[in-house]
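# Residue-level structural notes
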Amino acid sequence: MLDINSLRRNLDGVVAALATRGVQFDTERFNTLESQRKAIQVETETLQARRNALSKLIGQRRAKGEDASQEMQESKAIPQKLHELEAQLGQIQTEIHDWLSGLPNTPHASVPVGESEEQNVEVRRWVPGNNAMDAIPQPFDFEVKDHVAIGEGIGLDFDAARKLSGARFMVLRGQIAKLHRALAQYMLDVQTEEHGYTECYTPYIVNSSTLYGTGQLPKFKDDMFSVTKGGQDHNDEHDGPTEDLYLISTSEITLTGTVRDEILPADELPIRLTAHTPCFRSEAGSGGRDTRGIIRQHQFDKVEMVQIVHPDQSYEALEQMVGHAETILQRLGLPYRVVSLCTGDMGFSAAKTYDLEVWLPAQNTWREISSISNCEAFQARRLQARFRQEKRPEYVHTLNGSGLAVGRALVAVLENYQQADGSVVVPEVLRPYLGGKSTLTPNS
């Protein structure tokens, strides 16, 4: 959520920053609400001061044996006026809060300005044997197949998925299911054993408060799969008030949500968390893109990285997390590039985002496989996630990123390691997870 104090101190600067994201901020509305808020606060303070003065005056008159009935009558009317002002102030603050909840984060100064992905800026690329900025992998000496044609030969089954659930789901059987599991397990092992992340197992269903905190609600409600309407019946006395529940679209939600309403000791930072979970997205805004294959599914797996850090260290952590994701791609031998997203292409909560895009031979192009963002204090304000260093608590900075999207990594392995006979070479680092198997061969 935007910092209301930044708006009050530097309204023009925030307005200009939002404009680079295609958001036109209504300054007249903001100034009107702020004027009303200030007027109510001034009137409240005046009444409170008058109440205190009257109390003192009544005491003095009584001490002297004088009539204080007029002052007492005036004093008795003040609480009702204060109550009315409090209600008016609450309405204004709620309107401001609800309005700001729908506005995205302001971009960091280093983010390239642009309207769409065409203005994203490539930072670097990694291609085995040639890392020039224009390098692309060597073409195959046979006609390449896409991941669907390759996968169907080794256990990818869309017909079964369609029968079970409909479009944009998949069933994996046998060796391709093992490859999918191997990818996720390898990613977790690297992130936990080498990069210092704590592995977590979190719920796949979360309440609306958690989704609000990480920025999915209210703006992206249509992208979520709701599993309850109007709350849920609870028998546990510790459950608290009922809320709408949703399937997670990423474990960023649950991992980041663990620090909601917390004040952390400064010496506990940074906190690094990772989890392998299924993710569920309605793809309401996909516009029919990527209907073939497993690039854009309603259910897919992801190994997520989250860091909760001191504000002074968040941009160092961002670069570090990009490196953590790059490690996976390099060890899998998959060509990729790192792209800095422009202001118009970033996600709602992000102040700066890098995308990692992997090379897909069948499409002859780069496709996103990881998106890594620094949200600064945007999520922390919504979550009330803070740390205490000296005196008053400060908001932490939160970062998240894929390390990696498992299904898209599967696509990349199938296409980049395909052989002319329809078999797939298993990347060397994955072979221990498949019992030493070096090649997946088409099912007879």
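Here is what the cut-offs are and how they apply
- Note on numbering: residues in each chain are counted from 1, in written sequence order.
- Per-residue local features are limited, in this predicted model, to residues with pLDDT of at least 70; the limit for side-chain atom pairs, both in listing and counting, is 80 or more; totals at the level of whole chains, interfaces and linings are taken over all residues.
- Only hydrogens and water are removed before side-chain values are computed, so all heavy atoms of the structure are retained for them.
- UniProt positions are given in the numbering used here, feature names are shortened, and annotations may be inferred rather than shown by experiment.
- Working definition: a ring pair exists when centres of Phe, Tyr or Trp rings (six-membered ring for Trp) sit within 6.5 Å. Plane angles under 30 degrees give stacked, over 60 give edge-to-face, the rest tilted.
- When accessible area is computed with a 1.4 Å probe and restricted to protein chains, residues below 20% of their type maximum are described as buried, those above 50% as exposed, and intermediate ones as partly exposed.
- By definition here, charges over rings are those cases where NZ of Lys or CZ of Arg is within 6 Å of the ring centre and within 35 degrees of the ring normal.
- Under the DSSP-based scheme used, a helix requires at least four consecutive residues in state H or I and a strand at least two consecutive residues in state E, with every element numbered from the N terminus.
- Here the expected length of a helix is defined as 1.5 Å per residue gap, with one fewer gap than residues.
- When checking whether two residues touch, look at their non-hydrogen atoms; a contact exists if any pair is within 4.5 Å.
- Distance and chemistry together define a polar contact, namely a pair of N or O atoms within 3.5 Å, with one atom able to donate a hydrogen and the other to accept it when in protein, and with adjacent residues in sequence counting only for side-chain atoms on both sides.
- Paired strands are those between which DSSP finds at least two bridges.

Going by the annotation in an unreviewed UniProt entry, the name recorded for the protein chain is Serine--tRNA ligase, with Paenalcaligenes hominis given as the source organism. Under the UniProt heading Sequence similarities (unreviewed entry), the entry covering the protein chain gives this text: "Belongs to the class-II aminoacyl-tRNA synthetase family. Type-1 seryl-tRNA synthetase subfamily." In the Subcellular location (unreviewed entry) part of its UniProt record, the protein chain is described as follows: "Cytoplasm".

## Description of the packing of aromatic side chains
Considering all chains together, one arrives at 10 aromatic pairs under this definition. Between Trp359 and Trp366, the ring centres sit 5.0 Å apart and the planes meet at 65°, which makes this aromatic pair edge-to-face. Judged by relative accessible area, Trp366 falls into the buried class, the value being 11%. Ring pairs connect the aromatic residues Phe25, Phe30 and Trp99, which therefore count as one cluster. A cation over a ring is seen here: Arg382 above Tyr212, with NZ or CZ 4.2 Å from the ring centre.

## Concerning helix α3 (residues 27-64)
Taking 1.5 Å as the rise per residue, α3 with 38 residues should run 56 Å; its terminal C-alpha atoms sit 55 Å apart, in good agreement. Within the sequence span of α3, burial applies to Phe30, Leu33, Glu34, Arg37, Ile40, Thr44, Leu47, Leu54 and Ile58. Following α3 by one or two positions, Gly65 adopts a phi angle in the positive range, close to 75°.

## Digging into the UniProt feature "binding site: ATP" (unreviewed entry) in the protein chain
UniProt's entry tags Arg281, Ser282, Glu283, Glu368, Ile369, Ser370 and Ser371 with the feature "binding site: ATP" (unreviewed entry), counted in the numbering of this structure. In this fold, Ser282 is placed in the loop between β8 (271-280) and β9 (299-309). When its relative accessible area of 17% is taken as the criterion, Ser282 is described as buried. Not counting chain neighbours up to four residues away, the residues in contact with Ser282 comprise Asp222, Asp223, Met224, Phe225 and His298. At 2.7 Å, the side chain of Ser282 and the backbone oxygen of Asp222 are in polar contact. Position of Ser371 among the secondary structure elements: in strand β12 (residues 365-374). Given the relative accessible area of 22%, Ser371 is considered partly exposed. Excluding anything up to four places from it in sequence, Ser371 contacts Thr353, Tyr354, Asp355, Asn400, Gly401 and Ser402. Within the structure, Ser371 has its side chain in polar contact with the side chain of Asp355 (distance 2.7 Å).

## What to know about the sheet that holds strand β14 (residues 394-395)
Strand pairs in the sheet, formed through backbone hydrogen bonds, run parallel or antiparallel to each other. Ordered in space as β7-β13-β14, the 3 strands form an open sheet in which the pairing is mixed. Looking along the sheet, the strands with just one partner apiece sit at the ends: β7 (263-265) and β14. Both strand β13 (residues 386-388) and β14 contribute to a ladder of 2 bridges, which runs antiparallel. Bridging across to β14, Arg386 finds its partner in Tyr395.

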